[in-house]
Structures are given as structure tokens and as C-alpha cells.
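Read off the chains here:
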Amino acid sequence: MPGPAGSRPLAPYACDPADSRGRRVSEPASHSRSDFQRDRDRIVHSTAFRRLTYKTQVFVFHEGDHYRNRLTHSLEVAQIARSIARTLGLEEDLAEAIALAHDLGHPPFGHAGEKALDAAMTPWGGFDHNAQSLRIVTSLERRYAAFDGLNLTWETLEGLVKHNGPLTDREGTPIGAYAGRALPAPFVALDEAMVLGIDRYASAEAQVAALADDIAYNTHDIDDGVRAGLITIADLRDVPLTGPILRQIEEQHSGLDEQRMVHELTRRLITLMVDDVVAEARRRVLAMGVVTVDELRAAPGPVIGLSRDVDAQCDELKFFLLSWVYRNSRISRIMGDAQRVVSELFTHYLKAPESLPGDWRPRSKDGDRAAMARDIADFIAGMTDRYALGEHMRLFDVTPDLR
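Rules and cut-offs
- In every chain, residue numbers begin from 1 and rise along the written sequence.
- Given that this is a predicted model, residues contribute local features only at a pLDDT of at least 70 and side-chain atom pairs are listed and counted only at 80 or more, while totals for whole chains, interfaces and linings are drawn from all residues.
- In computing side-chain values, all of the structure's heavy atoms are included and hydrogens and water are not.
- Counted as salt bridges are all cases of a side-chain nitrogen of Lys or Arg within 4 Å of a carboxyl oxygen of Asp or Glu.
- Exposure categories follow from relative accessible area, calculated using a 1.4 Å probe and restricted to protein chains: below 20% of the type maximum is buried, above 50% is exposed, and the middle band is partly exposed.
- Under the scheme used here, helices are H or I runs from DSSP no shorter than 4 residues and strands are E runs no shorter than 2 residues, and both carry numbers assigned from the N terminus.
- The criterion used for residue contact is that any of the two residues' heavy atoms lie within 4.5 Å.
- Think of pLDDT as the predictor's per-residue confidence, scored from 0 to 100.
- Pairing of aromatic rings covers Phe, Tyr and Trp, the last counted by its six-membered ring, and requires centre-to-centre distances within 6.5 Å; plane angles under 30 degrees mean stacked, over 60 mean edge-to-face, and any other angle means tilted.

1. Quick notes on the pattern of salt bridges
Then, number 1: One pass over the full model with this rule turns up 30 salt bridges.
Then, number 2: Put simply, Arg-40 and Asp-41 hold a salt bridge, and the shortest N to O gap is 3.0 Å.
Then, number 3: Given a relative accessible area of 19%, Asp-41 falls into the buried group.
Then, number 4: Measuring nitrogen to oxygen at the nearest pair gives 2.8 Å for the salt bridge that ties Glu-391 to Arg-394. Of this pair, Glu-391 and Arg-394 both sit in helix α17 (residues 385-395), 3 residues apart, which is roughly one turn of the helix.
Then, number 5: Overall, Glu-391 belongs to the buried group, its relative accessible area being 7%.
Then, number 6: Residue Arg-394 is classed as partly exposed on the basis of its relative accessible area of 48%.
Then, number 7: By sharing partners, the salt bridges in this structure join Arg-33, Arg-40, Asp-41, Arg-82, Arg-86, Glu-92, Asp-93 and Glu-96 into a single network.

2. A few points about the side chain of Ser-133
Then, number 1: Within the secondary structure layout, Ser-133 lies in helix α6 (residues 129-140).
Then, number 2: Owing to a relative accessible area of 1%, Ser-133 belongs among the buried residues under this scheme.
Then, number 3: When residues no more than four places from it in sequence are discounted, the contact partners of Ser-133 are Ala-101, His-102, Asp-103, Leu-104 and Gly-105.

3. Notes on the environment of Leu-246
Then, number 1: In this fold, Leu-246 is placed in helix α11 (residues 243-252).
Then, number 2: Since its relative accessible area comes to 0%, Leu-246 is described here as buried.
Then, number 3: Between the C-alpha atom of Leu-246 and that of Met-261, which follows or precedes it by 15 residues, the distance is 8.0 Å.
Then, number 4: With sequence-adjacent residues up to four places away left out, Leu-246 is seen in contact with Ile-233, Leu-236, Arg-237, Met-261 and Leu-265.

4. Re the confidence of the model for the chain
Then, number 1: This prediction gives the chain a mean pLDDT of 92; 94% of its residues lie at or above 70.
Then, number 2: Taken as a whole, residues 1-6 scores under 50 in pLDDT and shows 9 contacts with residues more than four places along the chain or in a different chain.

5. A word on the packing of aromatic side chains
Each aromatic ring pair is summarised here by two numbers: the centre-to-centre distance and the angle between the ring planes.
Then, number 1: Summed over the entire model, instances satisfying the criterion amount to 7 aromatic pairs.
Then, number 2: Judged by centre distance (5.1 Å) and plane angle (25°), the ring pair of Tyr-144 and Phe-147 falls under stacked.
Then, number 3: Assessed through its relative accessible area of 30%, Tyr-144 is described here as partly exposed.
Then, number 4: For Phe-147, a relative accessible area of 10% puts it in the buried group.

Right under this line is the structure:
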């Protein structure tokens, strides 16, 4: 059924806000917004969301104003997720909420910062940006009078935890990204409190958000890579997914300048992948006999995905970007220096917690070293790139120039 704001009918396997499993702290219903719309709005108004403006996607913030950051990436993911959800008759606001929140837990300097924090936190359970996103929305945001966190619905929290697939098999053994190691404690605690079903798939809306993430970074990293001079249009002609599109553009619009050519390539690439996801999702729904939300969660595989051919071509594009952009010597050097910044900040704060800002110091005086380390990780993870560099300059004689 449509929510309070009005909407078109949903597919039978979509999440209906009227049937939400609710929030940890009960709240009166809104007269103007559905529960999932309220989730989205709370995410957008959060402090963690604003900080994404100055957090690295691939290129550090001072590389230039036109490169993506975590905020612009999250907005692009949300736009793609809404488009797919709308076409498939899914709950757009839930897909958007999950997409907007999926990167809230990223520390400064992207995956380099996460790698450094994970290494520093090894004795105390490690660091995982997905688990950190959950910590932010369940406890670290402190804005509301009645609760810590954002008090999001069960469905949005499920999407944050499981958008990349089940965390364990049916016997409870961690799988996927967590195979061979313990699940992050925030996931376990929330599953015990709200019974997320971590051995099953998440909603179709969460699966859409995960695919939208892949589509967004595959395409915008092409744009940013060309802008940075790390790859050229000529390089992309030999990539199976982009080559045919470029030839089509050149046949239809000869003599385009590079900027227009790249934009035309990325917009057509997004359209190709979105159309493929929609067609493949419809095929899988029929093949699996999925009718209800519960059947979708219990399905033997994800309902939302790319077709086999396009998925294989996407893998080739990812390998191309990995080789030419992410592992470029300049990017690798900068990210190596960024890891050093994060590692040195963590080590310093752990040895001298009195150097933490005033509002963080009381948390770290209880004598519990594990709790102190987690507080320090929370503090560093919340930093923007420029704040982390400023802190490093305050505490150390020499700070790397990340250029």
C-alpha cells in the first residue's frame, strides 16, 4: 500500500513501510512521511553525512574540486538506486536511505585509512567500515533527546548490515568478506537485539543499493581517472564494456572533445548496467518463484544482480581501473602516506589520551584499554581528510604532503 506521502503500488516482494518491523525505541508515526522517508531524512541531517564532503573517494580532497568525494559518491549511488527501485516496483525511499548511509563509517583517506585503522585495532577486534556505519546510526550520533543514534527502522538497519549478502551460512559460520574471522561485534549485538537473520539475504532494496554502489564507482572512477590524466579515452577503447560504447558515440558524434566524450560514455554505461540489472532481476524473480519479501530473503542467491555477460565485462573494467587508477604509482604513494598519518595518530592517542580533544578525553579514562582503543578508532574514523592532516600537523613535526 502507498505510504503517507503517496506512491505507486509496490511489487509483492518489496518492503512496505506500513509493514515495517519497527524501531528499537518506539516513536509516534509521522503524518507526512513514511518510516523509510524519516530514515532517509535522519541520515541526511546527521553529522556523519555532512563529514563525507571532505572524505576521500579515490583522490584526496585538495587534488581538485571536480573529483568525487564520499558525499558525491553517496548521492550518485542513491540516484541510481532510486532509478532501479522505481522501475522494479520496489520501495524507493528504503533503497535511497540504505544507499545514503552505506559509507557513513568510512574513515579519512578511503580504503587506505580503513586499512590502517584495521591494522591498529587488530588486538581489539579490528576495524570495518560497514560495522562503523552501524555504530554511527545506532549509537555514535547523539542528536535526539530520547535515544542515541538515529533509531532507524529494522529494514534500514538490515540493509546496512547485509547489503553485500548474508554474513554467515545456516550453521552460523562467517562467510564472504568475513570468512575465516569473527563477525564485527556491532553486527552480532544488533542481530541479538533485533534478529536480523544474518544467514539470509537482505531485502531487494538493500541489494539494489549494493549494485548501485558498484555501478556508481565503476563509472565515476573512469571520469575521475581521465580527469587526473591516469587513463585516456584511447585506453578505454580496449576494455570490453567501454569499447563498443565509445565506437557508437564516435559514429553518432564525431569530433567530440574529451570532456563531452567521457560524460557521454559514463551516462551510457550507467544506462546499460541499470537496464541489465532490471532485466536480470525480473528473470531471477521468475526463475526462483519469488513472490513475497520473506521468500526473497530466503532465496538461494541474490535476486538483484547483473547478467552473467555484463557481470564478466564489469569484472574486466574493475581490473582495468585497479591496474591503471587505484594502483597507479602516484595514488599508491599518496595512500601509503595517508596510512602513515592514520597509524601515527592512533599510536599517539593510545600512548597519550590526554592529547585527545576535551569532549573525547573522559571516555578514555576508565582504565579499559580495549574501550579506549575503540573510542580512539571512533574519533579517527569520524575525521575528514583535512582534519586528520591538521591533527597530524599539531602533534608531529613532519606531516606528509598528500599530493
